[in-house]
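# Structural overview for review
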Amino acid sequence: MKKSSLITSIAFAFVMLLTTNVNAQKFPGLDKSPMDAASHPNDYKVSNKVAKIVYGRPQLNGRSLEKLAPNGKQWRLGANEAAEISFYKDVTFGGQAIKAGTYTMSAIPGEKEWTLILSSDLNVWGSYFYNEANDVARIKVKATMVDESLEAFSIVFDKDGTMHMGWDKVRVSVPMM
């Protein structure tokens, strides 16, 4: 009787162990708006960065840019979590002095210019919790239209440190020194 009970217990423990391992190997599907990062300098061989931005990359998927990032309304500058930009030293960003640190970055799109907002709020999802009282800087930059459409919202720094953002046919650039 004791031998049967011991074998049953061992068999039960073994089955439970296998069941746990099977469930632990389930991974979620790919995010439709994957996280991306851009940094300056953008050369992976240079570890002494000046700035890095982490953001979600939403896709147009047949939708209009005006619906996804409407003019005149605060937008999280990407998808999912609000974009976060880290400056590893004091910089001049869009003509404004910014202290080293990490900030949430959002925008108010417009036809001819965008207002970029750096906020001290961190770890926020979307723009649902935006609080204007925590703005560190508001930077007005020119918005231009081009012929080439970008399916995914994209950010890149050029070799001079200017941050370029583009989505659909809209392009916005912010100089950084």
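Conventions adopted
- Residues numbered from 1 in each chain as written.
- Predicted model: local features only at pLDDT ≥ 70, side-chain atom pairs only at ≥ 80, totals over all residues.
- Heavy atoms only, no water.
- Buried < 20%, exposed > 50% of the residue type's maximum accessible area, 1.4 Å probe, protein only.
- Helix = DSSP H or I, 4+ residues; strand = E, 2+ residues; numbered from the N terminus.
- Pairing = 2+ DSSP bridges.
- Patch = residues over 30% accessible without salt bridge, like charges linked within 9 Å, V, L, I, M, F, W, Y side chains within 5 Å.
- Areas by Shrake-Rupley, 256 points an atom, 1.4 Å probe, with all protein chains shown as cover.
- Salt bridge = Lys/Arg side-chain N within 4 Å of Asp/Glu carboxyl O.
- Phe/Tyr/Trp six-rings, centres within 6.5 Å; stacked < 30°, edge-to-face > 60°.

What follows covers the pairing of strand E7 (residues 113-119). In terms of residue burial, E7 counts as a mostly covered element, since six of its seven residues are buried. Between strand E6 (residues 101-108) and E7, which pair antiparallel and follow one another directly, the connecting turn spans four residues. In this sheet, strand E8 (residues 135-157) lies alongside E7 in antiparallel orientation, the contact comprising seven bridges. Across the sheet, Leu-116 pairs through a bridge with Ile-139, a residue of E8.

This part is about a nonpolar patch on the surface. Together, Trp-125, Tyr-128 and Phe-129 make up an exposed nonpolar region whose accessible area comes to about 410 Å². Its place among the elements puts Phe-129 in the loop between E7 and E8.

Next up on the list: the packing of aromatic side chains. Here the structure, examined in full by the defined rule, presents seven aromatic pairs. Relative to Phe-153, the ring of Tyr-55 has its centre 5.6 Å away and its plane inclined at 85°; by these criteria the two rings are edge-to-face. One end of the pair, Tyr-55, is in strand E2 (residues 51-56); the other, Phe-153, is in strand E8, and 98 residues separate them in sequence. Note on Tyr-55: relative accessible area 1%, which makes it buried. Take Phe-153: its relative accessible area is 1%, and that puts it in the buried class. Considering the side-chain rings of Trp-75 and Trp-167, the 5.7 Å spacing of their centres and the 15° angle between planes classify their relative orientation as stacked. Of this pair, Trp-75 sits in the loop between helix H2 (65-68) and strand E3 (83-87) while Trp-167 sits in strand E9 (residues 163-174), and the two are 92 residues apart along the sequence.

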